[in-house]
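Examination of the molecular architecture
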Amino acid sequence: MKLIDFGVREDEKKYIQEWSQDNKIEVKIVSELLTPETVQWAKGYDGIVAYQQLPYDEKIFDTMNELGIHVISLRNVGVDNVPIEALKKNDIRLTNVPSYSPEAIAEYSVAGLMALLRNLKHMIRKVDKHDFNWAPDIGRELNELTVGVAGTGRIGRAAIKIYQGFGAKVIAFDKFHNPEIEKEGLYVDSLDILLKQSDVVTLHIPSLGKGHSVINAETISEMKDDAIVVNTARGDLINTKDLYDAVANGKLYGAVMDVYENEVGIFNTDLSNQEFSDQLLDKVIKSPRFILTPHIAFYTTKAVKNMATISLNSMVDELKTGKSENEIDLDK
Ligand code: COI
């Protein structure tokens with residue numbers, strides 16, 4: 001068996017190499033992304049592993065079919081950039097890594113929230129300039145707040161545990177009820193109710209597609225004054241302009257954004273020596289009431305190792321048995 005792994009960053013390499021040695025399976029490591037051109041390099045390999053944020057071009061899957069490769073295994077969880085119909089047409093199976101470290105993302109959401117509640121961004125900026133005044137950066141305490149967790153999958157549930165540990169009141173919403181969360185009586189009946197009752201709304205749901213935000217002018221008007229939004233899930237869950245305006249005009253307190261609706265091509269790129277053309281993002285970055293980071297909630301050693309190795313294990317399962325526990329049902 002011979003595998004090829006696309007879009008590999010430097011920090012992932014050692015885990016892939018170790019896996020390859022331990023499992024005695026050849027893995028060709030490629031730093032380039034998977035495109036209609038680079039997919040040709042997969043000729044002679046049995047399976048393709050990949051991670052990228054850019055959309056996967058449909059032509060990739062026509063070529064995979066021609067090359068006789070019928071499994072693609074992603075190193076991440078989100079499959080929103082994969083053209084599912086093109087996979088079906090070419091009889092290609094898809095796996096992801098649904099649980100590389102829910103705690104990494106949950107812990108990060110809480111870290112971002114704590115930074116915002118205690119005004120750390122502004123305070124650190126002031127101290128950098130030798131301004132050691134306290135005011136106006138008086139903080140708010142998490143133990144006094146109601147945190148609304150939207151989405152009670154693995155990440156949402158990990159977040160709930162942490163918030164409860166801090167003494168916050170937690171409420172939750174999900175279309176699918178988790179028995180443990182149900183038993184604790186945390187569910188409210190709708191996202192609207194969650195938005196209305198929460199001081200902090202933290203999003204742990206998948207993308208609903210471009211243009212289908214859950215936080216926008218209309219929903220913000222229903223939220224509590226001074227509420228906070230935390231998003232470590234997908235950028236298009238938020239209408240960023242509406243959110244920015246709501247914070248700027250004092251309706252909302254602020255937001256933690258580890259994802260951004262137009263992040264592709266910006267996040268995980270060094271643009272420090274270039275003209276920056278995204279005016280909205282620039283305003284968000286400058287505001288002390290936004291904690292903005294470039295999609296790093298997942299980025300821990302534990303998560304990266306799991307992403308590298310679980311994706312390869314799923315590929316081996318697919319190639320040996322025709323299935324894997326991480327195979328995505330393309331008809332859902
Ligand atoms: C995912 O796993 O889908 C993520 O959003 C994290 C990604 C940046 C690796």
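What counts, and at which threshold
Residues numbered from 1 in each chain as written. Predicted model: local features only at pLDDT ≥ 70, side-chain atom pairs only at ≥ 80, totals over all residues. UniProt positions renumbered as here; feature names shortened; annotations may be inferred. Helix = DSSP H or I, 4+ residues; strand = E, 2+ residues; numbered from the N terminus. Buried ≥ 20, exposed ≤ 12 C-beta atoms within 10 Å, placed from the backbone. Pairing = 2+ DSSP bridges. Right-handed = clockwise from strand over helix to strand, strands pointing away. Near = placed C-beta within 6 Å. Nonpolar A, V, L, I, M, F, W, Y, C, P; charged D, E, K, R; others polar. Axes fitted to C-alpha atoms, helices over the stretch in contact; angles between N-to-C directions. Contact = placed C-beta atoms within 7 Å. Core = buried A, V, L, I, M, F, W, Y, C linked by C-beta atoms within 7 Å. Domains from an automatic or database assignment.

**A closer look at the UniProt feature "domain: D-isomer specific 2-hydroxyacid dehydrogenase catalytic" (unreviewed entry) in the protein chain**
Residues annotated by UniProt as "domain: D-isomer specific 2-hydroxyacid dehydrogenase catalytic" (unreviewed entry) correspond here to residues 8-328. What you have in residues 8-328 is 38% helix and 12% strand, and the ends, taken at the C-alpha atoms, are 22 Å apart.

**Remarks on the pairing of strand β1 (residues 2-6)**
With four of five residues buried, β1 is to be regarded as a mostly interior element. Sheet topology note: the β1/strand β2 (residues 26-29) ladder contains four bridges and is parallel. The residue of β2 that forms the bridge with D5 is I29. A crossover links β1 with its parallel partner β2, the connecting element being helix α1 (residues 10-23), and its sense is right-handed. Two elements, β1 and strand β3 (residues 47-50), share four bridges in a ladder whose sense is parallel. Looking at β3, one finds that L3 is bridged to G47.

**Points about the site of the ligand**
Lining the immediate environment of the ligand, one finds N76, V77, G78, H295 and F298. Taken together, the residues of the shell around the ligand sort by class into two nonpolar, three polar and no charged.

**Digging into the sheet that holds β1**
On the basis of which strands lie adjacent, the open sheet formed by five strands has the order β2-β1-β3-β4-β5 and parallel pairing. A single partner strand is all that each edge strand has here, and the edge strands are β2 and β5 (93-95). The average angle at which neighbouring strand axes cross in this sheet is 20°, direction not considered. With three bridges joining them, β3 and strand β4 (residues 71-74) adopt parallel strand pairing. Across the sheet, the residue bridging to V49 is S73, located in β4. In the packing of α1 onto the sheet, contacts are made with β1 and β2, and the angle to β2 comes to roughly 160°.

**Comments concerning the nonpolar core**
Ranked by size, the top nonpolar core spans 93 residues in total, and within it I48, V170, I228 and V229 carry the most contacts. With eight residues, the top contributor of residues to this core is helix α4 (residues 102-117). Mapping this core onto the domain boundaries places at least three of its residues in each of domain 1 (2-100 + 301-321) and domain 2 (102-292). Leaving out residues up to four positions away in the same chain, I48 has contacts with I4, F6, L34, A42, M64, I69 and I72.

**Quick look at the sheet that holds strand β10 (residues 254-257)**
Pairing within the open sheet is parallel, and its six strands lie in the order β7-β6-β8-β9-β10-β11. Strands with a single pairing partner mark the edges of an open sheet, and in this sheet they are β7 (169-173) and β11 (290-292). Here the strands of the sheet are splayed against their neighbours by 15° on average, with no regard to which way each runs.

**Remarks on unusual backbone geometry**
The omega torsion of the bond from A135 to P136 falls at 5°, within 30 degrees of zero and hence cis. You can see P136 is positioned in the loop between α5 (120-128) and β6 (146-150). One non-glycine residue, N119, lies in positive phi territory at about 55°. Mapped onto the elements, N119 comes out in the loop between α4 and α5.

**Here's the deal with the domain arrangement of the protein chain**
Taken domain by domain, the protein chain holds domain 1 (2-100 + 301-321) and domain 2 (102-292). On a C-alpha basis, the centres of domain 1 and domain 2 stand 31 Å from each other. Taken together, the seven residues of domain 1 in the interface contact seven residues of domain 2. Looking at the side of domain 1 that touches domain 2 residue by residue, the classes come out as two nonpolar, three polar and two charged.

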